[in-house]
Amino acid sequence: MRIEITDDVIPAAEIAEEIKAGADGAVCVFDGIVRDNTRGRKTLYLDYEAYREMALEKMRALAEESLEKFGVRDVALVHRLGRLYVGETSVLIVVASAHRGAAFDACRWLIDTLKKTVPIWKKEQFVDGAIWADGEPFPSDIGLPKSSEAKAQSADGEPSPDAIGLVGGRGEDSGRPADDAHISESRYGAPGFARDEKLEAGE
Amino acid sequence: MRVRVLYFGVLRERLGGDQDFLELTDGATVTGVLNVYRERVPEFAWDSIAVAVNQEYARAEVVLRDGDEVALLPPVSGGVEG
């Protein structure tokens, strides 16, 4: 298995070539590339970031699971971070298998599951603003209960303000000036930016 | 006890940094950490996030220990759009 998170260009053709072995009858490649627009709004570039150690571990676990679940022989799963421009590969999935059915199914399952569970985020920079892509809601076994349920819990005796306060230093970004005006358009804070105008998620 | 809290994506921008250290009472839970940040950014869609403790997804009732790494994760959006 080749599982990587990289800041460099993903050598897609090389990865698809090197995975092949004699027992394979099929290699299925999903090459996820940056599109030039989202719902007609012109995209300049995407900035990807990750909770790197956890993302890599989750990608490894997904790859392992796909071998078992679909009976494929080998998988490569590579995600790039940083600034990516139109046409560049952000994620590459390659599945090698004796038969095509399993290769297609595993490839599809890997991209769909990665998008819901691997802690990677992207911000889209358009010609006229920027927005963090919404992402899909977390699966129920990952997400937290809604606040209404959480409140019910505390009524039942969940110890309440157990945090005393902030101490120690901030991260290295501390003290930097506020981001430029584009960023204020993020849907979480922008006045007048309707919640239902969210980016489409899913393949 | 003290835990390290990391946050990413839109939350990193809203909180103006990428990590904090929180001093908590013994027995504090993930919910306790969330309450601190709910107060700091009340208008954020907190219901949408997931939390990881030591790089594993964790439930709100999970009890924290000294030195834990708690990550606040907005809905993920890796890969490419449809």
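Residues numbered from 1 in each chain as written. Chains lettered and ligands numbered in written order. Predicted model: local features only at pLDDT ≥ 70, side-chain atom pairs only at ≥ 80, totals over all residues.

Draft legend 1. Structural view of the pairing of strand β3 (residues 50-53) of chain B. All names here are of chain B. Here 4 bridges tie β3 to strand β5 (residues 69-73), and the two strands are oriented antiparallel to one another. The residue of β5 that forms the bridge with A50 is L73. One ladder, built from 3 bridges, connects β3 with strand β4 (residues 56-58); its direction is antiparallel. The residue of β4 that forms the bridge with V53 is E56. (Pairing = 2+ DSSP bridges. Helix = DSSP H or I, 4+ residues; strand = E, 2+ residues; numbered from the N terminus.)

Draft legend 2. Expanded view of the environment of E23(B). On the secondary structure map, E23(B) appears in strand β2 (residues 19-24). E23(B) sits 14 residues away from G9(B) along the chain, and the two C-alpha atoms are 24 Å apart.

Draft legend 3. A look at the sheet that holds strand β1 (residues 2-6) of chain A. Residues and elements named next belong to chain A. Read across the sheet, 4 strands follow the order β1-β5-β7-β2 without closing on themselves; strand pairing throughout is mixed. Only two strands of the sheet have a single partner each, and these edge strands are β1 and β2 (26-33). Taken pair by pair, the neighbouring strands of this sheet meet at an average axis angle of 5°, ignoring direction. One ladder, built from 5 bridges, connects β1 with strand β5 (residues 74-80); its direction is parallel. Bridge pairing links E4 to V78 in β5. Contacts from helix α3 (residues 100-117) reach β2, β5 and β7 (89-97), with the element oriented near 25° to β2. (Axes fitted to C-alpha atoms, helices over the stretch in contact; angles between N-to-C directions. Contact = placed C-beta atoms within 7 Å.)

Draft legend 4. Looking closely at the nonpolar core. Counting residues in hydrophobic clusters, the biggest one holds 71 residues, and the most contacted among them are L77(A), V94(A), V95(A), V51(B), L72(B) and L73(B). Apart from the residues lying within four places of it in its own chain, the contact partners of L73(B) are Y51(A), P119(A), F8(B), I49(B), A50(B), V51(B) and A52(B). (Core = buried A, V, L, I, M, F, W, Y, C linked by C-beta atoms within 7 Å. Buried ≥ 20, exposed ≤ 12 C-beta atoms within 10 Å, placed from the backbone.)

Draft legend 5. Representation of the confidence of the model for chain A. Residues of chain A with pLDDT of at least 70 account for 71%, and the chain-wide mean is 80. Scored below 50 in pLDDT, residues 150-203 of chain A makes 83 contacts in the model with residues more than four places away or belonging to other chains. (pLDDT = per-residue confidence, 0-100.)

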